[in-house]
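Architecture and fold: a report
Residue strings, one per chain:
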Amino acid sequence: MSVESYVRKITTHVLYEMKLRGEKIAMLTAYDYSMAKIVESAGIDVILVGDSASNVMAGFSTTLPITLDAMIYHAASVVRATSKALVVVDMPFGTYQGNSKEALHSAIRIMKETGAHAIKMEGGLEIKESVQRILSAGIPVMGHLGLTPQSIYKFGTYTVRARQEEEAKKLIEDAKLLEELGCFSIVLEKIPANLAGIVANTVKIPVIGIGAGAGVDGQVLVLHDMLGITQEFSPRFLRRYHNISEEIKGAVKNYISDVKSRDFPNEREQY
Ligand code: KIV
């Protein structure tokens, strides 16, 4: 690889510089080669192989069931499609919460078997040991605070988090802790915009928001939500940039009709 192409790659350090100069970071999820190729070619900064794959790719109602093997399969496909974007992979539920040695083992599997550049973990103080052990192995870690979907059965709802002072204080403390430990970035999900702005101004590392307002250093959305592939999920923070499911449905209907009417294939479409 030439020095020039190396320099153009997005690294954790590049994200830090973007925050310093006030350039917003654009992050989207992707779970497969074809979509990642399109997202990368559009110039995205960071691709998150989110455990939202559990919902949008596998059809589960929560992110809890997806396995480490499945995340590795998705992440390796995404990495094969990318040359510039930073690829971050979610550690799935159950692979880091209990035992920090197991957490490190899971993170090493992700890095070795996918070629991704970093991992993401949900939580603050309660996962400190796992974060420390993974960071000490030289693996970049992105934190995730606020609404943490892997804890859905503890909270019981997907409503806005940290509206109350006590929870807001803990979130700020957790953000500071993640920075101190050495995380390169933090995702804040579904919290009041003013609180997210305070966090972004308190820590030096980039803060990426989803449903966390405009006062943060970057934004992330689930690709299938912003493209209108998923239809049933429409929180206030979601801006839909397309209604692809209608376009796909239209194309499939046209294909069915062409096959049934014997219009497809025509003479030029055969050998
Ligand atoms: O899994 C995911 O897609 C995520 C984003 C919502 C940040 O964690």
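As the structure is a prediction and not an experimental result, all values here were calculated from the model.

Focus on the side chain of His-74
Examined against the element boundaries, His-74 turns out to sit in helix H5 (residues 68-80). The exposure class of His-74 is buried, given its relative accessible area of 10%. Within polar-contact distance, the side chain of His-74 engages the backbone oxygen of Tyr-31 at 2.9 Å. Contact partners of His-74, with chain neighbours within four places excluded, come to Tyr-31, Val-49, Ala-53, Met-57 and Ile-66.

Section: the sheet that holds strand E7 (residues 207-210)
As summarised here, the arrangement of the eight strands in space is E1-E2-E3-E4-E5-E6-E7-E8, forming a closed barrel in which the pairing is parallel. Here the average twist between neighbouring strands, direction ignored, is 25°. As defined by bridge partners, strand E1 (residues 25-29) adjoins strand E2 (residues 46-49) across three bridges and the pair is classed as parallel. Across the sheet, the residue bridging to Met-27 is Val-46, located in E2.

Digging into the nonpolar core
The tendency in soluble globular proteins is for nonpolar side chains to be buried as a group. Met-121, Ile-134 and Leu-188 are the most contacted members of the largest nonpolar core, which has 63 residues in total. In terms of residue count, helix H9 (residues 165-181) provides more of this core than any other element does, seven residues in total. Sequence-distant contacts of Leu-188, that is, excluding residues within four places in its chain, are made with Leu-145, Leu-171, Ala-196, Val-199, Val-207, Ile-208, Gly-209, Ile-210 and Ala-212. The next biggest cluster of nonpolar side chains, apart from the first, holds 17 residues, and it includes Met-18, Leu-86, Met-142 and Val-187.

A short note on the pattern of salt bridges
The final tally for this structure, using the stated rule, is 11 salt bridges. The partner of Arg-21 in a salt bridge is Glu-23, with the nearest N and O atoms 2.9 Å apart. Among the salt bridges present, the one from Lys-170 reaches Glu-126, with a minimum N-O distance of 3.2 Å. One end of the pair, Lys-170, is in helix H9; the other, Glu-126, is in the loop between strand E4 (118-122) and helix H7 (128-136), with 44 residues separating them in the sequence. The class of Lys-170 is partly exposed, set by a relative accessible area of 39%. The network of salt bridges with common partners includes Asp-69, Arg-109 and Glu-113.

Considerations on the side chain of Thr-148
Its location among the elements puts Thr-148 in the loop between strand E5 (141-146) and helix H8 (152-155). Setting aside residues up to four positions removed in sequence, Thr-148 forms contacts with Glu-122, Gly-123 and Phe-155.

Concerning the domain arrangement of the protein chain
A common way to state how big an interface is: give the accessible area lost once the parts meet. With domains assigned, the protein chain is organised as domain 1 (3-240) and domain 2 (243-271). Taking the mean C-alpha position of each, domain 1 and domain 2 sit 38 Å from one another.

Description of the site of the ligand
Surveying the vicinity of the ligand reveals the residues Thr-29, Leu-48, Gly-50, Asp-51, Ser-52, Asp-90, Lys-120, His-144, Glu-189, Ile-210 and Val-222. Between the ligand and Asp-51 there is a distance of 3.0 Å, counted from an oxygen atom to a side-chain nitrogen or oxygen. Contact between the ligand and Asp-90: an oxygen atom at 3.1 Å from a side-chain N or O atom of the residue. Notes on the ligand: free accessible area 260 Å², of which the protein chains cover 94%. Among the residues forming the shell around the ligand, the class breakdown is three nonpolar, four polar and four charged.

Side note on helix H2 (residues 12-21)
By the burial criterion, the buried members of H2 are Val-14, Leu-15, Met-18 and Lys-19. Buried residues in H2, looked at end-on, bunch into an arc of 145°, giving them a common side. When the buried face of H2 is taken as reference, the exposed residues oriented beyond 90 degrees from it are Leu-20 and Arg-21. At the C-terminal side of H2, Gly-22 shows a positive phi close to 80°.

What counts as what
- Residues numbered from 1 in each chain as written.
- Predicted model: local features only at pLDDT ≥ 70, side-chain atom pairs only at ≥ 80, totals over all residues.
- Heavy atoms only, no water.
- Helix = DSSP H or I, 4+ residues; strand = E, 2+ residues; numbered from the N terminus.
- Buried < 20%, exposed > 50% of the residue type's maximum accessible area, 1.4 Å probe, protein only.
- Polar contact = N/O pair within 3.5 Å; in protein donor to acceptor, adjacent residues only side chain to side chain.
- Contact = heavy atoms within 4.5 Å.
- Pairing = 2+ DSSP bridges.
- Axes fitted to C-alpha atoms, helices over the stretch in contact; angles between N-to-C directions.
- Core = buried A, V, L, I, M, F, W, Y, C linked by side-chain atoms within 4.5 Å.
- Salt bridge = Lys/Arg side-chain N within 4 Å of Asp/Glu carboxyl O.
- Domains from an automatic or database assignment.
- Near = heavy atom within 4 Å.
- Areas by Shrake-Rupley, 256 points an atom, 1.4 Å probe, with all protein chains shown as cover.
- Nonpolar A, V, L, I, M, F, W, Y, C, P; charged D, E, K, R; others polar.
- Arc of directions from axis to C-beta.

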